[in-house]
Amino acid sequence: MTTGKPLRADARRNRDALLAKARELFADGCFDLRFDDFARLAGVGTGTLYRHFPTREALAEAVYREELEAMCAHARELQATLPAMEALTTFLRGLVNHLHTHEGLARTLATLMATRSGTLAEGGRELGRAVSDLLAAGVQQGSIRDDVGAGAVMTTLQGICAACEPPGSRADADGAVTLVLDGLRRRAV
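This structure is a prediction, so every number in the text was calculated from the model and none was measured.

Participant: I would appreciate a short explanation of helix H8 (residues 150-163) in the present structure.
Facilitator: Three or four residues apart is the spacing at which side chains of an α-helix point the same way, because the helix has 3.6 residues per turn. Taking 1.5 Å of rise per residue, 14 residues should cover 20 Å, and H8 covers 20 Å from first to last C-alpha, within 8% of that figure. Residues Ala150, Val153, Met154, Leu157, Ile160 and Cys161 constitute the buried set of H8. Buried residues of H8, seen end-on, are gathered within an arc of 120 degrees and therefore sit on one face of the element. Within H8, the exposed residues directed more than 90 degrees away from the buried face are Thr155, Gln158, Ala162 and Ala163.

Set out below in structure tokens:
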């Protein structure tokens, strides 16, 4: 478990190795693995595993938070570098693609964190704020309607991902995102 102080370089490398291996194993659905095996597979000692992550759930939460932070950072980067509608388009398409690509990871994290609904809810709020910021930038630039909030967009994206779960349905998911984006565009009056 990390504290407020920065980690030494070697401790950071060990923590990163554990997170990378956990992300890989979780994506493959290997959540029944003995917890101590995460250390061995990551090439670190068992004590290092428990020092950083005392439980499987703590490890899953750290992987979840890293994934979420990366998505939110990507949204901020897009907002800073692209016109608002292009930033929103790139982010929403990327988010749906990410969720499809990392479907095994998402299911594993949800299973492992079932008792941590507060963490999942906070993560959803963070992602919602990122979408809200992208929408607000578009409203300000006049390219996005001002009567649709991040909650409606997030609910729609969740529905798209749930409906387009079977393999080979990525084209349908992309088409559905196109419909969402078209509906968000501000029309000339």
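Participant: Could you clarify how one ought to interpret the pattern of salt bridges in this entry?
Facilitator: Close approach of charged atoms allows side chains with opposite charge to pair. If you walk through the whole model with that rule in mind, you get eleven salt bridges. With its nearest N and O atoms 2.8 Å apart, the salt bridge here joins Asp182 to Arg187. Taking the relative accessible area as the measure of exposure, Asp182 reaches 38% and is therefore partly exposed. The partly exposed category is assigned to Arg187, whose relative accessible area is 48%. Salt bridges here are not isolated pairs; linked through shared partners, they connect Arg23, Glu66 and Glu67.

Participant: Would you mind going over the confidence of the model for the chain with me for this structure?
Facilitator: Low-confidence regions, as indicated by low pLDDT, have predicted coordinates that should not be scrutinised in detail. Confidence in the prediction for the chain averages 85 pLDDT; 88% of positions are at 70 or higher. Looking across the chain, the model is least confident in helix H6 (residues 103-112), with a mean pLDDT of 68, and most confident in helix H3 (residues 46-52), with 92.

Participant: What is the right way to look at the packing of aromatic side chains in this model?
Facilitator: Aromatic rings in a pair are described by how distant their centres are and how their planes are angled relative to each other. Scanning the model with the defined rule gives three aromatic pairs in all. Here the aromatic rings of Phe35 and Tyr50 are separated by 5.3 Å at their centres, their planes lie at 80 degrees, and the arrangement is edge-to-face. Separated by 15 residues along the polypeptide, Phe35 in helix H2 (residues 35-42) and Tyr50 in helix H3 bring together distant segments of the chain. An aromatic cluster is present here, built from Phe26, Phe35, Phe38 and Tyr50 joined pairwise through their rings.

Cut-offs applied
- Residues numbered from 1 in each chain as written.
- Predicted model: local features only at pLDDT ≥ 70, side-chain atom pairs only at ≥ 80, totals over all residues.
- Heavy atoms only, no water.
- Helix = DSSP H or I, 4+ residues; strand = E, 2+ residues; numbered from the N terminus.
- Expected span 1.5 Å × (residues − 1).
- Buried < 20%, exposed > 50% of the residue type's maximum accessible area, 1.4 Å probe, protein only.
- Arc of directions from axis to C-beta.
- Salt bridge = Lys/Arg side-chain N within 4 Å of Asp/Glu carboxyl O.
- pLDDT = per-residue confidence, 0-100.
- Phe/Tyr/Trp six-rings, centres within 6.5 Å; stacked < 30°, edge-to-face > 60°.

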